[in-house]
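The chain contents come next:
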Amino acid sequence: MTETETTDGARVLVAEDEAIIRLDLVEMLEEAGFEVVGQASNGEQAVELATELKPDLVIMDVKMPVMDGLTAAEEIGKKHICPVIMLTAFSQKELVERARDAGVMAYIVKPFTAGDVKPAIEIALARWAELKSLEAEVADLGERLETRKAVDRAKGVLMKQFKFSEAEAFRWIQKTAMDRRLGMREVAQAVIAGASQA
């Protein structure tokens, strides 16, 4: 995926309580080729809009009424909606640590220019894509590990019940899965379930 594929035309939600800053940011984003799909003036509204609109990215101020930006970023992060970029006039250590823990992918420090915004968006979208890829890989590895455990247990059952060798037990599970168009894990679980009922 090239940079232009990841950022051009990205759908962005802007959350900023100061109307002038929000309008400036929206204008910068639209001039840079982004689609602004929603605007929020407080953190609670930002979470509601992010949940409803499913943008590619949220750019959110740290200090907002009703719910602050970091709490809103945590909520959006828990729902795995999209990456969040924080707008801030501060760079205090505690703020940076809390933002990192909330899953914030990048920062834009006020006052900002269009030249500050696009690289932050590219970084946030790239980090989000990496995170999603890693999560998928971990889920796949977890699935494979569970399959392997089930197949190993089923092999043990078949070896005990039918005096199969380990290779014969594996081939039996494999062939049964192919013949019945099932996954090896499903066949293995059926063998294990059958043994526990016997």
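Because the structure is a prediction, the values reported are computed rather than measured. The written sequence of each chain sets the order in which its residues are numbered from 1. The model is predicted, so local features are restricted to residues of pLDDT at least 70 and side-chain atom pairs to those at 80 or more, both for listing and for counting; the totals for chains, interfaces and linings are taken over all residues. Excluded from the side-chain calculations are hydrogens and water; all other atoms, namely the structure's heavy atoms, are used.

## Focus: the nonpolar core
Then step 1. Grouped together as the largest cluster of nonpolar side chains are 24 residues, with contacts concentrated most on V58, M60, I76 and M86.
Then step 2. When contributions to this core are tallied by element, the ones reaching two or more residues are β1 (11-15), α3 (43-53), β3 (57-61), α4 (69-78), β4 (84-88) and α5 (93-101).
Then step 3. Once residues within four sequence positions are removed from consideration, V58 is found in contact with L13, A50, I76, C82, P83, V84 and I85. What is meant by a nonpolar core is a set of buried Ala, Val, Leu, Ile, Met, Phe, Trp, Tyr and Cys residues, joined one to another through side-chain atoms within 4.5 Å. Accessibility here uses a 1.4 Å probe with only protein chains present; expressed as a share of the type maximum, an area under 20% marks a residue as buried, one over 50% as exposed, and anything in between as partly exposed. We count a stretch as a helix when DSSP gives it H or I for four or more residues in a row; a strand needs E for two or more, and each element gets its number in order from the N terminus. Contacts were defined at the residue level, with two residues in contact if any of their heavy atoms lie within 4.5 Å.

## Focus: the side chain of E16
Then step 1. Examined against the element boundaries, E16 turns out to sit in the loop between β1 and α2 (19-31).
Then step 2. Judged by its relative accessible area of 0%, E16 is buried.
Then step 3. Ignoring sequence-local partners within four residues, the contact set of E16 consists of I21, R22, A40, S41, D61, M64, L87 and K110.

## Quick notes on the sheet that holds strand β2 (residues 35-40)
Then step 1. Pairing is parallel across the open sheet formed by 5 strands, whose spatial order is β2-β1-β3-β4-β5. One side of each edge strand has no neighbouring strand; the edge strands of this open sheet are β2 and β5 (106-109). For this sheet, the mean inter-axis angle between neighbouring strands, taken without regard to orientation, is 20°.
Then step 2. As paired strands, β3 and β4 are joined by 4 bridges and run parallel to one another. Counterpart to M60 in the pairing with β4 is M86.
Then step 3. Every angle, taken between N-to-C directions, lies between 0 and 180 degrees, and every axis is a line fitted to C-alpha atoms, over only the stretch in contact when it is a helix. Here α4 sits on the sheet and contacts β3 and β4; the angle it forms with β3, its principal contact strand, is near 160°. At least two DSSP bridges between two strands are needed for those strands to be called paired.

## So, a negative patch on the surface
Then step 1. On the surface, a cluster of negative charge is made up of D24, E27, E30, E31, E35 and D56.
Then step 2. The element contributing the most residues to the negative patch is α2, with 4 residues.
Then step 3. Examined against the element boundaries, E30 turns out to sit in helix α2. Only residues whose relative accessible area exceeds 30% and that form no salt bridge enter a patch; like-charged residues are grouped when within 9 Å of one another, and nonpolar side chains (Val, Leu, Ile, Met, Phe, Trp, Tyr) when within 5 Å. Computed with a 1.4 Å probe, the accessible areas rest on the Shrake-Rupley method; for each residue, only the protein chains presented here act as cover. The salt bridge criterion pairs a side-chain nitrogen of Lys or Arg with a carboxyl oxygen of Asp or Glu, the two atoms within 4 Å. Residues counted as positive are Lys and Arg, residues counted as negative are Asp and Glu, and His and the chain ends are not counted. Note that the charge is assigned to NZ on lysines, CZ on arginines, CG on aspartates and CD on glutamates.

## Section: the pattern of salt bridges
Then step 1. All told, the structure shown has 8 salt bridges when counted by the stated rule.
Then step 2. Across the salt bridge formed by E146 and K149, the nearest N and O atoms sit 3.5 Å from each other. Here the residue E146 and the residue K149 both occupy positions in helix α6 (residues 114-162), the gap between them amounting to 3 residues, near one helical turn.
Then step 3. Using a relative accessible area of 35% as the deciding quantity, one classes E146 as partly exposed.
Then step 4. Residue K149 is classed as partly exposed on the basis of its relative accessible area of 45%.
Then step 5. A single network of salt bridges, built from pairs that share partners, joins D152, K155 and E166.

## Structural notes on empty space enclosed by the protein
Then step 1. Whether a set of points on the 1 Å grid over the protein atoms alone is a cavity depends on a 1.4 Å probe fitting there but being unable to get out, while an open set qualifies as a pocket with protein on both sides within 12 Å along at least five of seven lines; lining residues are those with an atom within 4 Å of a point. Grid points are joined across faces, edges and corners, and a volume is the space filled by probe spheres set on the points. Under the defined criterion, the tally for this structure stands at 1 cavity of 30 Å³ or more.
Then step 2. Estimated volume of the largest cavity: approximately 30 Å³.
Then step 3. Those elements that provide at least two residues to the lining of the largest cavity are α2 and α6.
Then step 4. Here the element with the most residues in the lining of the largest cavity is α6; it accounts for 3 residues.
Then step 5. Each residue is assigned to one class: nonpolar for Ala, Val, Leu, Ile, Met, Phe, Trp, Tyr, Cys and Pro, charged for Asp, Glu, Lys and Arg, and polar for all the others, Gly among them. Of the residues that constitute the lining of the largest cavity, the class distribution is 6 nonpolar, no polar and 1 charged.

Fair warning: the whole summary comes from geometry, so function is off the table for now.
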